[in-house]
Amino acid sequence: DTLKQIINLDHLYIPFPWPEQSWCDISSDHHCLYLMHSKQSLLKGFALFSISPFDDVAHLLKILILPEYRGSGRALRFWRKLEEKLVKKQMKTVYLEVESSNTIAISFYRKCGFETLRENKSYYSNGENALVMLLGLV
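For clarity, every value in this text was computed on a predicted model and none was experimentally measured.

### Things to note about the overall build of the protein
Thinking step 1. The number of helices and strands found in the protein is four helices and six strands.
Thinking step 2. Seen in sequence order, the protein has helices and strands lined up from the N terminus as α-α-β-β-β-α-β-α-β-β.
Thinking step 3. For the protein, the spread of C-alpha atoms along the principal axes amounts to about 40 × 35 × 35 Å.
Thinking step 4. Out of the 138 residues belonging to the protein, those deemed buried represent 40%.
Thinking step 5. Pairs at least 24 residues apart make up 51% of the contacts formed inside the protein by residues separated by at least 6 positions.
Thinking step 6. When the accessible surface of the protein is summed, it comes to about 8,200 Å², and 50% of that surface belongs to carbon and sulfur atoms.
Thinking step 7. With 17 positive and 15 negative side-chain charges, the protein shows a separation of 9 Å between the mean positions of the two kinds.

Here it is as structure tokens:
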């Protein structure tokens, strides 16, 4: 089951995984979940956005690319496909929060065109600061 795979990956690789119930509560009215598959249909990654039908701003809640697929250009190609899908949904901007110490993710987001908007002090439950990053899609 795909949802179980996503939950497993969330718990294996993301520092602040969601409880299973939070994943079960996502709704197609307010969320977009996109999957990255291999040619063998294996799940290689995912991206989850919060969207509102009354707004043109998407909030990237989670993105994960399995480590073996990072650094090869595949993650950037996946991101470009996500941008196309968001533009089709009439989104004009994407924002996200990322741990300020997560230099690898920040570097990836900058390659994608994100710019740092501000730093939120003690944003995460462990006291870590978050960078808020923004990307214009149009």
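That shown, we press on.
### Some remarks on the side chain of glutamate 97
Thinking step 1. When you line up the elements, glutamate 97 lands in strand S4 (residues 93-99).
Thinking step 2. Lacking a salt bridge, the buried glutamate 97 has arginine 118 as its closest oppositely charged neighbour, with an N-O distance of 6.5 Å.
Thinking step 3. Here the side chain of glutamate 97 touches histidine 59 through a polar contact of 2.8 Å, side chain to side chain.
Thinking step 4. Once residues lying within four places of it in the same chain are set aside, the contact partners of glutamate 97 are His59, Tyr123, Tyr124, Ala130, Leu131 and Val132.

### What about helix H3 (residues 74-88)?
Thinking step 1. With 15 residues, H3 should cover 21 Å at 1.5 Å per step; its first-to-last C-alpha distance of 21 Å lies within 8% of that length.
Thinking step 2. Here H3 has its buried residues at Ala75, Phe78, Trp79, Leu82, Glu83 and Leu86. The arc that holds every buried residue of H3, seen down its axis, measures 150°, which confines them to one face. With respect to the buried face of H3, the exposed residues turned more than 90 degrees away are Lys81, Glu84 and Lys88.
Thinking step 3. Where H3 is buried, its residues touch strand S1 (31-37), strand S2 (43-50), strand S3 (57-65), S4, helix H4 (103-112) and strand S6 (130-136).
Thinking step 4. Positive backbone phi, approximately 65°, marks glutamine 90, located one or two places after H3.

### Digging into the state of the cysteines
Two cysteines joined by a covalent bond between their sulfur atoms form a disulfide.
Thinking step 1. Going through the model one piece at a time under the given rule, you end up with zero disulfides.
Thinking step 2. Of the cysteine sulfurs around cysteine 24, a residue in no disulfide, the closest is that of cysteine 32, at 18 Å.
Thinking step 3. In this model cysteine 32 remains outside any disulfide bridge; the closest cysteine sulfur is found in cysteine 112, 17 Å from its own.
Thinking step 4. With relative accessibility at 6%, the residue cysteine 32 sits in the buried group.

### Thoughts on the nonpolar core
Thinking step 1. Membership of the largest hydrophobic core comes to 40 residues, with the highest contact counts inside it found for Phe49, Leu60, Trp79, Val94, Tyr109 and Phe114.
Thinking step 2. Contributing elements (two or more residues each) for this core: helix H1 (2-13), S1, S2, S3, H3, S4, H4 and S6.
Thinking step 3. What valine 94 contacts, discounting residues up to four positions off in sequence, is Phe49, Ala58, Leu60, Trp79, Leu86, Phe114, Met133, Leu134, Leu135 and Leu137.

### Some words on the side chain of histidine 59
Thinking step 1. Within the fold, histidine 59 resides in strand S3.
Thinking step 2. When sequence neighbours within four positions are dropped, the list of residues in contact with histidine 59 reads Leu48, Phe49, Ser50, Tyr95, Leu96 and Glu97.

### What to know about the packing of aromatic side chains
Thinking step 1. In this structure the tally under the stated criterion is nine aromatic pairs.
Thinking step 2. Consider the rings of phenylalanine 49 and tryptophan 79, whose centres lie 6.1 Å apart with planes at 45°: the pair is tilted. In this pair, phenylalanine 49 is assigned in strand S2 and tryptophan 79 in helix H3, connecting sequence segments 30 residues apart. Exposure class is identical for phenylalanine 49 and tryptophan 79. Each is buried.
Thinking step 3. Grouped by ring-pair contacts, the aromatic residues Tyr34, Phe49, Trp79, Phe108, Tyr109 and Phe114 constitute a single cluster.

What counts and what doesn't
- Residues numbered from 1 in each chain as written.
- Predicted model: local features only at pLDDT ≥ 70, side-chain atom pairs only at ≥ 80, totals over all residues.
- Heavy atoms only, no water.
- Helix = DSSP H or I, 4+ residues; strand = E, 2+ residues; numbered from the N terminus.
- Buried < 20%, exposed > 50% of the residue type's maximum accessible area, 1.4 Å probe, protein only.
- Contact = heavy atoms within 4.5 Å.
- Areas by Shrake-Rupley, 256 points an atom, 1.4 Å probe, with all protein chains shown as cover.
- Lys, Arg positive; Asp, Glu negative; His and termini not counted.
- Charge placed at Lys NZ, Arg CZ, Asp CG, Glu CD.
- Salt bridge = Lys/Arg side-chain N within 4 Å of Asp/Glu carboxyl O.
- Polar contact = N/O pair within 3.5 Å; in protein donor to acceptor, adjacent residues only side chain to side chain.
- Expected span 1.5 Å × (residues − 1).
- Arc of directions from axis to C-beta.
- Disulfide = S-S within 2.5 Å.
- Core = buried A, V, L, I, M, F, W, Y, C linked by side-chain atoms within 4.5 Å.
- Phe/Tyr/Trp six-rings, centres within 6.5 Å; stacked < 30°, edge-to-face > 60°.

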